[in-house]
Every structure is written in C-alpha cells, then in structure tokens.
Amino acid sequence: MSTGAGASGGRKIPPQVPPKSRPVSVADATEELSALQLQGDAQGLSTPRDVKLSHITCDSFKIQWSMDPKDHVTHFFIDLNKKANVNNAKKAFKHKDVPTKLVAKAIPLPFTVKGHWFLQPRTNYTVSVQTACKLPDGEYKVSDWSETVEFCTADYSSVQLNQLLDKARNIMSDRKLPLTHFYRNQHQEYFDFMQMNHGGVLQPSIKDDGGSHGSPINGNLKGISFSANVEFNERDGPRIPIDSPYGRERFLCPAAAMCNENANLYFADLYCMYTAYHFVNLVLTTKGSEGDQFCSGKLPLLDPSNNEFLTRKKRDDGSMEFAVCQDLIVELFYTEPLNLKEGQMLSIQGHVVPSLSTENAKKDASCKMCNINK
C-alpha cells in the first residue's frame, strides 16, 4: 500500500499568507523621530556655566546661567544646600527641610526659586544647577552639574515685618496695665563698669541674635535692652516683676525720660521660646538719630499714642501716662546712651532665674502664632 501522500489524508494544504503589515501613520513616524532626536540631543547636554543669582530676599532668589542654545532641555534640577558651619565641622549638616534637588520644567531664564519651607532668612546656602532632557520612557538624560555658588538670604523686609506685626495683633486683646517705669536688670559688675569707664552713662551695644532669625536689628543695631513688663498682683495691683533672668541689680528709669515726644517707636519682632507666652520687641529711638535713621524704612513705625503694645498719652496737666499690654511680654531696645542719674538703682527682692533669659534665645520655628509662614 502506497503511503506517499496518505499522511495528509488527501487534503490540500493552503498556501501560507504573510501577515498584513500595520500601516505607519505620519504621527507615529513623527513621534519616533522626536524620540530619536531627544535621545540624540540629551547625550550631549552642555554643562551649565556662569551661574548668577539676583533679587535675593529672605525666602527667594532669581537664578540664571549660560548653556549651549542647541541643547534640547525639558527640565532644570537645582541642588540647594545649607552651607556647612566652617567654625565647627561636627555641626556641618544639610538642613532637614532642604531637598537634594528641586525639579522645575524648563522656562526662560532667569527664573525665581521661592519657598519658606526650605529657605530661611539670613542663612548661608550653596546652589548648583543641572539641565535635563526627559525621554519618552520617563527617564532623564542629564548634564554635568555646574559650579557651586554661595549666597546668603536677606533679613525680613518691611513686607514680612508687617506680616509679623499682624500676627502680634492677632494675639492681643484690649487689656492694658498702667506703667510708670522701664527697667534693666544686670549684675553689679556691669553697673560698676559703666560707672568707672563711662561716667555712669549706659552705652548702647549691638543687638544679640535672640528672637526671629530674620529681624533686621539683630547684629546690626546698637541699643540698650529694657523691659516694660508689668504683672498684676491681687494684693499690690500692677507691679514690676520681682524676679529677674539677668542679675539682682535693677536700674529703674521713668518711662517719660525715655519715651518722650521726641521719640519714635518701632515694631521689630515677635517670638516665643517654646513657651505659651510670647515676646514683642520694640525699638525706641530719638527722632533723627543714627538709630532712628537705621529703623526708618526697615521697621514698621508705631503711633506712640495709639498702638496695641505700649502707649503714651498726655494728661491735662502736661504729664505723660503710659500703659502696656497684658498679653505679650514687651521688650524695649533703646538706641541712645542713658545716664544712670535719670533713674534709680535697687536690688530685686525675688530670684535670679537665668533659664528665663532671652539673650541669643532661639525662636520656636514651629509656632503658628509667631511665624509668618505657618
């Protein structure tokens, strides 16, 4: 029996037809060409050069650089870091709120980098830039990093200080207590030094770094720190606190001797030290003085007869009466020399509590009541 073609059962095998090829549209061809072009462009991205910063504020800056105009760039990467503390390498660190890279879509230069969550006032930073081309698969081809540029953010401007002033006003009520004297607490050695070296005249010195880091007076303005705090005692009524953080000796000066009609009053700061109570810092100057010229245009000017913190009003007999708010602890920074003969010296009856000192005190950056960006 022949078995030649019997395996096919006598059926004919149809010829094999090649599958139909999918027509390529113009859009598909363009997309494929664009992808190839992107890959080709990205492979040769030039390194950004001549990085320049401008318009630096307390929480923003403008940045620009040069690059090859042939580069096809879709994104910018900004590497922003808090500068290391050169005085102590062990304290060098990147601020925890500063991301390694800020990513932005490519736009015309210069462009603005802004954000209080990673930029702090009066702080040193380093910045470098990288250009990138995003590929169709979602990956990036990047250039080399540019050179690193160092810069320092600015102090609070009048805009931020007025925002801080509004914060202080939100804490306030209409409650005020009468005030007759401002006072300064120190150790006996301080007053002895002023007697021996300056004829008993207290000398202004540079404001420390206590309070808001961006306050323009910190490290820039000379003055003498006084307190205008009054507490209410059920037995004695309004009185100056009997305790002190700074020393047992107290110089008590009539308020009218410092805050007369030739004085200007400025708002400088609002802060707390991880406590439930807040401090307000006011600057008291003589009109036209060097300190007054510094504050003018930098700090909000207050009306001495009508403000929420410390008021001065003239009585019918021509004398002055003063009142101070109850809701905040009022600190005064007096910018003029002051003779001890203007007031009197006494020793406090309470305790010296150094832990309550505000000297170089760090502000609670998480407090929603006294931080303008919370």
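Structure report, in brief. (Residues numbered from 1 in each chain as written. Predicted model: local features only at pLDDT ≥ 70, side-chain atom pairs only at ≥ 80, totals over all residues. Heavy atoms only, no water.)

**Overview of the pattern of salt bridges**
So, step 1. The final tally for this structure, using the stated rule, is 9 salt bridges.
So, step 2. The residue Lys114 makes a salt bridge to Asp59 at a minimum N-O spacing of 3.3 Å. On the criterion of sequence distance, the pair formed by Lys114 in strand 5 (residues 111-114) and Asp59 in the loop between strand 1 (49-54) and strand 2 (60-66) is long-range, its members being 55 residues apart.
So, step 3. By relative accessible area, which is 53% here, Lys114 ends up exposed.
So, step 4. Judged by relative accessible area, Asp59 falls into the buried class, the value being 9%. (Salt bridge = Lys/Arg side-chain N within 4 Å of Asp/Glu carboxyl O. Helix = DSSP H or I, 4+ residues; strand = E, 2+ residues; numbered from the N terminus. Buried < 20%, exposed > 50% of the residue type's maximum accessible area, 1.4 Å probe, protein only.)

**Structural notes on the layout of surface pockets**
So, step 1. In this structure, the second largest pocket occupies an estimated 890 Å³ of space.
So, step 2. Lining the second largest pocket are 38 residues, with Ser227, Pro245, Tyr246, Glu331 and Thr358 positioned closest to its centre.
So, step 3. Residue assignment for the lining of the second largest pocket shows that the elements contributing at least two residues are strand 10 (181-186), helix 3 (188-198), strand 12 (205-206), strand 13 (222-227), strand 18 (279-286) and strand 22 (329-334). (1 Å grid on protein atoms, 1.4 Å probe; cavity = no way out; pocket = protein on both sides within 12 Å on 5 of 7 lines; lining within 4 Å. Points joined across faces, edges and corners; volume = space filled by probe spheres on them.)

**Brief notes about the side chain of Arg184**
So, step 1. Mapped onto the elements, Arg184 comes out in strand 10.
So, step 2. Glu359 provides the closest opposite charge to the buried, salt-bridge-free Arg184, at an N-O distance of 8.5 Å.
So, step 3. At 2.8 Å, the side chain of Arg184 forms a polar contact with the backbone oxygen of Ser225. (Lys, Arg positive; Asp, Glu negative; His and termini not counted. Polar contact = N/O pair within 3.5 Å; in protein donor to acceptor, adjacent residues only side chain to side chain.)

**Comments concerning the packing of aromatic side chains**
Between two aromatic rings, the relevant description is the distance of the centres plus the angle of the planes.
So, step 1. Scanning the model with the defined rule gives 12 aromatic pairs in all.
So, step 2. Both rings, one in Trp65 and one in Phe111, keep their centres 6.3 Å apart while their planes meet at 80°; by these two values the pair is edge-to-face. One end of the pair, Trp65, is in strand 2; the other, Phe111, is in strand 5, and 46 residues separate them in sequence. Take Trp65 and Phe111: they sit in the same class, and that class is buried.
So, step 3. Seen in terms of ring centroids, Tyr125 and Phe151 are 5.8 Å apart; in terms of plane orientation they differ by 25°. Their pairing is stacked. One end of the pair, Tyr125, is in strand 6 (residues 124-134); the other, Phe151, is in strand 8 (residues 149-152), and 26 residues separate them in sequence. Each member of the pair, Tyr125 together with Phe151, is buried.
So, step 4. An aromatic cluster is built from Phe61, Tyr125 and Phe151, whose rings are joined through pairwise contacts. (Phe/Tyr/Trp six-rings, centres within 6.5 Å; stacked < 30°, edge-to-face > 60°.)

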